[in-house]
Amino acid sequence: MGQYVLRRLLIAVPSLLGISLVLFTVLALAPGDPFGDLATNPNVPPEIALALRAKFGLDDPIYLRYLHWLAAMAQGDWGFSFASRTNVDTLILQRLPTTLYVIGSAQLLALAIAIPVGVFAATRPYSIFDQIANTLAFIGFSLPTFFTGLLFILVFSVKLDWLPFVYSTDVKGTGIHWVLEQIKQAIMPVMVLGLFQAASMTRFVRSAMLDVIRLDYVTTARAKGLGQATVIVKHVMRNAMIPVVTLIALQIPAVFGGAIVTEQIFRIPGIGSLLISSILSNDTPVVMAVTFVFACLVVFFNLIADVLYGWLDPRISLR
Amino acid sequence: MLDTELRTMINEVKDGRMDRRGFIQRMIALGLTAPMATQILAVGGVAMAQSPAQYMPTKRGGGGPLKLLWWQGPTLLNPHFATGTKDQDASRIFYEPLASWDLDGHLNPILAAEIPSIQNGGLAADAKSVTWKLKPGVKWHDGKPFTADDVVFNWEYATDPATAAVSSGAFGDATVEKVDDLTVRILFKVPTPFWANAFVGAYGCIIPKHLFAEYKGGKSREAPNNLKPVGTGAYKFVEFKPGDLIRGEINPDYHMANRPYFDTIELKGGGDAVSAARAIIQTGEYDYAWNMQVEDEVLLRLEKGGKGKTIYAVGGDIEFIAVNSTDPNTEVDGERSSMKTKHPILSDIRVRKALALLIDRNAVQKVIYGRAGRTTSNYLNGPAPFVSKNTSWEFSIEKASKLLDDAGWKPGADGIREKDGKKLKLLYQTSINGPRQKTQAIVKQACQKAGIDVELKSVVASVFFSSDVANPDTYAHFYADLEMFQIPMTQPDPVLLMRRYHSRYVATKENKWQGSNFPRWVNKEYDAAVDAAETEVDPVKRAALYIKCNDLMWQEGVMIPVMHRVKVGATANALRPVMSGWANDLDNLQDWYREATG
């Protein structure tokens, strides 16, 4: 087992290096520069834009810039944003709590809906409940979040005037009032994202359950006279949850990466909106850091999933 | 009655979008007599020196919070590094210049005790120096006094090449010296009629010497106060999250009486313009949003809600089509659009004139810009003394066709004109932006009717406007026949706007396409007029020179003006912002207040 984990870890290092090289090259080759705004401003002499490019090393050859980045990164220096001249780690840490709160809540909501609905639908396949759940799930994941987000805003903010649609990181008040305000402003984005996730996850849980429910040992358990609830919860769900747990593990990086579209619609200052504004302003160090962190998380959770498999099914780690 | 609102209405009368009677009726409804209303109109028509906006509150503070929404979130708070209006606005909440521009493009003192003039001895008669007297008793937010040393330091800081400050352009090759603790003198090498560039407006904000002295030049990025501004402004710094949020609180020691009105200020960033308009006009969650680049149709629909409205300010921003003087399709010494070539089609003035006749500005204004644009035949659209009355535009497919006939372009079998076996085909590029693509379509349609085949091209804005030397799609490379975009007029003087097309600044491979004359237009008469205007001290002669420059562009048809663009903001009904076409939205923040009843 220990050897297996070590082997997987050693594979992760070169793959991360490879990912960083590809990311960096693509970013460096992408057109545009961070000081484009200065170009049409008659008040700024063109020499300044050139001096800034030179100062921030934008004119160096790509391989040299990559090596600089790698060396700095190895020492824990994430570089600084061209746009705000702030350190990149400060920027990311400022945004992370909001992302975790909103996207995390959405994932929890998705799980809270998907597992019971999926399990219940699988125990009564093709019943009315199953049909309705399926239809709703299909509608749910065919509607993109930018559409439902706008719909929610029009209904709950504009028409009914119940909820604010601009997410504020600076909520006034203290104690219970503060908590209530925080919940209130998160309702719409969490619903939009959560329902979207729940829809696809419900389908997944249902099919995983159906795969197991037909197996012989389930029939045996029933034949022994065990109650329906015991059979479903203790025998079926336990096995059906293995692929579901993997799916969840692999989705955790997405929680850290934020939801670009939803964050943009509701002005949530999360990682996703940081990424999009940095891409728009060609702020390479920030884009590089965010995407690289994301890559690390994906690799890391893949590793966890692999280890988890090895633990659930020892035959995998022996191979 | 709000000053800005009144001006918007006066402008509407001028443009014929509101008739005089309608204007006077609205004035009477507000309690004015008819003669008074007529007088307002007369004064507005002349649009000469007006006092700055009236400020009503009689005590400091008590106005509650002011909530601003900027759909591009500010990312830094040092005015010397500000790469766009968003950052300039953010810095301006805390820092101040010596003076800023008011609604009509006149100077309004902020940190200066008075505006220098020949009468008060501030301006030298030869326009080679200007002396600023500073307001006494001004304190930085940390309690230290503001003095001439701070002003001189800002010049040293900005002009140090290692700092790479974007504000350095405001100083040119001027030097700044301290006369006494409350007086500074700016010395110019040549007569400089536009002396109010340094320490004025967005790039003129002054940072404290005692906090930045150690961070001049190469160490400029390390200054802790880059993120925690300590200024002299109406609001003190509380919190900053780049791209997301800026918070400030009232400065109880502010140097202007009864100001500011609001107790706290919050500027939220991010999102898009349409939803920002919605948050102000429709739901009223926020008080003010800048730069409403939203189609007028959408704004009109939102305004039916009634919680807010749009406001307008006229400056000199111009949307235009530039005509390439060189050949983009021939390579000379590895360079396209080389100065050694002539454009095979567009070097004929009759073709350029025909193109100018094919821009249906009325349609563009009506269908696309609405209240945010005015039709114009001038490249230089303000301030009033500099605007030419010698030009006019018309849309006429017949006249254009006639000109093309005369030039020898005969319609071919497919309706496209030909000459010597060559098709009349032009490539027309611009940046990706809703209104621009729609304008392109309107122009293309008219050209087609006149027998010109126009191919449209659109480039992502971040590429089009970049200074990237290696990218062939930037506006400065101009590897097309026509291109369209906007040049903002950042101060109420034409010097920088008109200097751009001097033949000295042609963008070529040699200067890495950093020259501002991208149509690569060379006209000796224009060059001479621009050079003369830059050092002409007599304001009347100077205005005449710039009008001549504008008229030359028009006669030559190298810069075809499309739309004089007006700044648009969204505001809560009760808020009284001060918006000037000659300044950034927050340049007169200290004068903003809210009326008790909307």
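Residues numbered from 1 in each chain as written. Chains lettered and ligands numbered in written order. Predicted model: local features only at pLDDT ≥ 70, side-chain atom pairs only at ≥ 80, totals over all residues. Heavy atoms only, no water.

Draft legend 1. Spotlight on the overall build of chain B. When helices and strands are tallied, chain B shows 16 helices and 21 strands. Taken over the C-alpha trace, chain B has a radius of gyration of 25 Å; the compact-globule value for 598 residues is 25 Å, and the two agree within 12%. For chain B, the spread of C-alpha atoms along the principal axes amounts to about 80 × 55 × 45 Å. Restricting to contacts in chain B with at least 6 residues of sequence separation, those with at least 24 account for 68%. Counting only carbon and sulfur atoms, one obtains 53% of the accessible surface of chain B, whose full area is about 22400 Å². (Helix = DSSP H or I, 4+ residues; strand = E, 2+ residues; numbered from the N terminus. Rg over C-alpha atoms; globule rule 2.2 N^0.38 Å. Contact = heavy atoms within 4.5 Å. Areas by Shrake-Rupley, 256 points an atom, 1.4 Å probe, with all protein chains shown as cover.)

Draft legend 2. Representation of the interface of chain B and chain A in the model. On the side of chain A, 48 residues touch chain B, which itself brings 60 residues to the contact. Looking at the side of chain B facing chain A, the largest losses of area belong to Thr83, Arg221 and Gln514 of chain B, adding up to 14% of the total buried there. Run the count over chain B and chain A and you get one salt bridge. Across the salt bridge formed by Asp161 of chain A and Lys307 of chain B, the nearest N and O atoms sit 3.8 Å from each other. (Buried area = accessible area lost by both parts, 1.4 Å probe. Salt bridge = Lys/Arg side-chain N within 4 Å of Asp/Glu carboxyl O.)

Draft legend 3. Local environment of the side chain of Glu534 of chain B. Residue and element names in this part refer to chain B. Note on placement: Glu534 falls in helix α15 (residues 524–535). Among the polar contacts made by the side chain of Glu534, one reaches the side chain of Arg499 at a distance of 2.8 Å. Not counting the four nearest positions on each side in its chain, Glu534 is found in contact with Pro191, Thr192, Pro193, Val495, Arg499 and Tyr546. (Polar contact = N/O pair within 3.5 Å; in protein donor to acceptor, adjacent residues only side chain to side chain.)

Draft legend 4. Molecular detail of helix α1 (residues 2–29) of chain A. Taking 1.5 Å of rise per residue, the 28 residues of α1 of chain A would be expected to cover 40 Å, and the 41 Å separating its terminal C-alpha atoms lies within 8% of that figure. Among the residues of α1 of chain A, those classed as buried are Tyr4, Ala12, Leu16, Ser20, Phe24 and Ala28 of chain A. (Expected span 1.5 Å × (residues − 1). Buried < 20%, exposed > 50% of the residue type's maximum accessible area, 1.4 Å probe, protein only.)

Draft legend 5. Just the sheet that holds strand β15 (residues 422–423) of chain B, in detail. All names here are of chain B. The strand order across the open sheet formed by three strands is β13-β14-β15, and the pairing between neighbours is antiparallel. A single partner strand is all that each edge strand has here, and the edge strands are β13 (410–411) and β15. Alignment of β13 against strand β14 (residues 417–419), held across two bridges, turns out to be antiparallel. Across the sheet, the residue bridging to Pro411 is Arg417, located in β14. (Pairing = 2+ DSSP bridges.)

Draft legend 6. Expanded view of the packing of helix α10 (residues 361–369) of chain B against helix α12 (residues 434–449) of chain B. Residue and element names in this part refer to chain B. One way to put it is that α10 packs onto α12 with a least axis distance of 10 Å and a crossing angle of 145 degrees. Our pair here, α10 against α12, has a crossing hand that is right-handed. Judged by residue contacts, Ala363, Val364, Ile368 and Tyr369 of α10 engage Pro435, Lys438, Thr439 and Ile442 from α12. Its residues assigned to classes, the contact of α10 with α12 comprises six nonpolar, one polar and one charged. (Axes fitted to C-alpha atoms, helices over the stretch in contact; angles between N-to-C directions. Left-handed = near helix turned anticlockwise from the far one by under 90°. Nonpolar A, V, L, I, M, F, W, Y, C, P; charged D, E, K, R; others polar.)

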